[in-house]
Amino acid sequence: GRTGPPLGLDKHPMRWYMRFLKSHGFNAIRFLFNHADALQDGVLEPPDTAKYGAGAAWEAPELAHSRYLDMFRKLAAAAAEFGIL
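About the cut-offs
- Residue indices begin from 1 for each chain and proceed along its sequence in written order.
- Residues qualify for local features only when their pLDDT is at least 70, as the model is predicted, and side-chain atom pairs are given and counted only at 80 or more; totals for whole chains, interfaces and linings, by contrast, use all residues.
- Side-chain measures here rest on the full set of heavy atoms in the structure, leaving out hydrogens and waters.
- A run of DSSP states H or I qualifies as a helix once it reaches four residues; a run of E qualifies as a strand once it reaches two. Both are numbered from the N-terminal end.
- The buried label applies to any residue whose accessible area, calculated with a 1.4 Å probe on protein chains only, is under 20% of its type's maximum; exposed applies above 50%, and partly exposed to all values in between.
- Whether two residues touch is decided by their heavy atoms; if any such pair falls within 4.5 Å, the residues are in contact.
- Areas reported here follow the Shrake-Rupley algorithm with a probe of radius 1.4 Å; residue values treat only the protein chains shown as occluding.
- In this tally, Asp and Glu contribute negative charge and Lys and Arg positive charge; neither His nor the terminal groups of the chain are included.
- Lys charges are placed at NZ, Arg charges at CZ, Asp charges at CG and Glu charges at CD.
- Pairs were defined over the aromatic rings of Phe, Tyr and Trp, the Trp ring being its six-membered one, requiring ring centres within 6.5 Å. Orientation was assigned from the angle between planes: stacked under 30 degrees, edge-to-face over 60, tilted for the rest.
- Working convention: axes come from line fits to C-alpha atoms, limited for helices to the stretch in contact. Angles between N-to-C directions cover 0 to 180 degrees.
- An angle below 35 degrees is read as roughly parallel, one above 145 as roughly antiparallel, one from 65 to 115 as roughly perpendicular, and any other as oblique.
- The crossing is said to be left-handed when, going from far helix to near helix, the turn is anticlockwise and less than a right angle, and right-handed when the turn is clockwise.

S.K.: What should I look at first to understand the overall build of the protein in this one?
M.R.: Across its full length, the protein holds four helices and zero strands. Its C-alpha atoms give the protein principal-axis dimensions of about 40 × 30 × 15 Å. In the protein, which comprises 85 residues, the proportion classed as buried is 31%. Long-range pairs, those at least 24 residues apart, make up 73% of the contacts in the protein between residues at least 6 apart in sequence. Taken as a whole, the protein presents about 5,800 Å² of accessible surface, with 58% of it coming from carbon and sulfur. Separation of charge centres in the protein, based on 10 positive and 9 negative side chains, amounts to 7 Å.

Here it is as structure tokens:
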């Protein structure tokens, strides 16, 4: 499979989703993860140039070039800003 950010982050930034969740009364969020990817902690894969073309924008610019575990740290920090943990 592909090692990338959660789906939807190509539509809105992380803070948009956290603000949405907070404004609708959510106080927790669950992220799915791949255990093998967590153990390997590789760099997130860039957009598929065969599908999106050369120079395609990252799905989640705030996570571009992050390592897999750093992605979850950044997602958790964004959630914490809105009291969603």
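What follows picks up the thread again.
S.K.: Got a minute to help me understand the packing of aromatic side chains in this structure?
M.R.: Here the structure, examined in full by the defined rule, presents five aromatic pairs. Considering the side-chain rings of Phe 33 and Phe 72, the 6.5 Å spacing of their centres and the 80° angle between planes classify their relative orientation as edge-to-face. In this pair, Phe 33 sits in the loop between α1 (14–23) and α2 (35–40) while Phe 72 sits in helix α4 (residues 68–81), placing the two residues 39 residues apart along the sequence. A centroid spacing of 5.2 Å and a plane angle of 75° characterise the contact between Tyr 68 and Phe 72, whose relative ring orientation is edge-to-face. Taken together, the residues span about one helical turn, with Tyr 68 and Phe 72 both in helix α4 at a distance of four residues. Note on Tyr 68: relative accessible area 5%, which makes it buried. Aromatic ring contacts, followed pair by pair, group Phe 31, Phe 33, Tyr 68 and Phe 72 into a single cluster.

S.K.: Help me understand the packing of α1 against α4 in this model?
M.R.: Angle between the axes and distance between the axes are the two parameters that describe a pair of packed helices. In contact at an axis separation of 9 Å, α1 and α4 are set at 40° when each is read in the N-to-C sense. One way to sum up the angle between α1 and α4 is to call them oblique. Relative to α4, the crossing made by α1 is right-handed. On α4, the residues touching Met 14, Arg 15 and Met 18 of α1 are Lys 74, Leu 75, Ala 78, Ala 79 and Glu 81.

S.K.: Sorry if this is basic, but what is going on with the environment of Pro 13 here?
M.R.: Within the secondary structure layout, Pro 13 lies in the segment before α1. Distance from Pro 13 to Ala 38, taken between C-alpha atoms, is 23 Å for residues 25 residues apart in sequence.

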